[in-house]
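Topology and contacts: notes
One letter stands for each residue in the lines below.
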Amino acid sequence: MVLCLVGGGVGILLGHGGSRLVELMLRWPVETSPAAIAAAVIVAASVGIIFGFYPAWKGITLDPIEALRYE
């Protein structure tokens, strides 16, 4: 989950920096919404939880002998 949050933070910074670049280069009014930033953090954390928890839960339910037999 930490890796996903770091990636989400980097994505937020790149998105905000890109919007500032558009504002400076093209003179378009751009505003960063706090709701959009919160949604990005929630999505990044959710991805980290779901894709970290599911394989771990799947591994817990396996018998170790049976799991190693197929390698």
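The structure this text deals with has already been given above.
Residues numbered from 1 in each chain as written. Predicted model: local features only at pLDDT ≥ 70, side-chain atom pairs only at ≥ 80, totals over all residues. Heavy atoms only, no water.

1. Examining the overall build of the protein chain
Scanning the protein chain for helices and strands turns up three helices and zero strands. Overall, the protein chain shows an N-to-C arrangement of helices and strands of α-α-α. Counting across all 71 residues of the protein chain, residues that qualify as buried make up 7%. Surface exposure of the protein chain reaches about 6000 Å², of which carbon and sulfur atoms provide 76%. Measuring between centres, the 4 positive side-chain charges of the protein chain sit 9 Å from its 5 negative side-chain charges. (Helix = DSSP H or I, 4+ residues; strand = E, 2+ residues; numbered from the N terminus. Buried < 20%, exposed > 50% of the residue type's maximum accessible area, 1.4 Å probe, protein only. Areas by Shrake-Rupley, 256 points an atom, 1.4 Å probe, with all protein chains shown as cover. Lys, Arg positive; Asp, Glu negative; His and termini not counted. Charge placed at Lys NZ, Arg CZ, Asp CG, Glu CD.)

2. Some thoughts on helix α2 (residues 34-61)
A rise of 1.5 Å per residue sets the reference length of α2, with its 28 residues, at 40 Å; its end C-alpha atoms lie 40 Å apart and thus fit the reference within 8%. Buried within α2 are the following residues: Ala44, Ala45 and Gly48. Those residues of α2 hidden inside the fold are in contact with α1 (2-26). The N-terminus of α2 is capped by Ser33, whose side-chain oxygen sits 3.2 Å from the backbone nitrogen of Ala35. (Expected span 1.5 Å × (residues − 1). Contact = heavy atoms within 4.5 Å. Polar contact = N/O pair within 3.5 Å; in protein donor to acceptor, adjacent residues only side chain to side chain.)

3. Points about unusual backbone geometry
One non-glycine residue, Arg27, lies in the positive phi region at around 60 degrees. With respect to the helices, strands and loops of the structure, Arg27 is situated in the loop between α1 and α2.

4. Description of the packing of α1 against α2
Between two packed helices, the angle of one axis relative to the other and the distance separating the axes together describe the packing. Taken N-terminus to C-terminus, the directions of α1 and α2 make an angle of 150 degrees; their axes are 8 Å apart at the nearest point. Regarding the angle of α1 to α2, the classification is roughly antiparallel. Note on packing geometry: the crossing formed by α1 with α2 is right-handed. Where α1 abuts α2, its residues Cys4, Leu5, Gly8 and Ile12 lie against Ile37, Ala40, Val41, Ala44, Ala45, Val47 and Gly48. By residue class, the composition of the contact of α1 with α2 is nine nonpolar, two polar and no charged. (Axes fitted to C-alpha atoms, helices over the stretch in contact; angles between N-to-C directions. Parallel < 35°, antiparallel > 145°, perpendicular 65-115°, else oblique. Left-handed = near helix turned anticlockwise from the far one by under 90°. Nonpolar A, V, L, I, M, F, W, Y, C, P; charged D, E, K, R; others polar.)

5. Overview of the pattern of salt bridges
Taken as a whole, this structure holds one salt bridge when the rule is applied. Between Glu23 and Arg20 there is a salt bridge whose closest N-O contact spans 2.6 Å. Of this pair, Glu23 and Arg20 both sit in helix α1, three residues apart, which is roughly one turn of the helix. For Arg20, a relative accessible area of 37% puts it in the partly exposed group. (Salt bridge = Lys/Arg side-chain N within 4 Å of Asp/Glu carboxyl O.)

6. Here we look at the side chain of Ser19
One can find Ser19 in helix α1. Among the polar contacts listed, one links the side chain of Ser19 to the backbone oxygen of His16, at a separation of 2.7 Å. The contact partners of Ser19, leaving out residues within four places of it in the chain, are Val30 and Thr32.

Everything listed here is a matter of geometry and, on its own, says nothing about what the molecule does.
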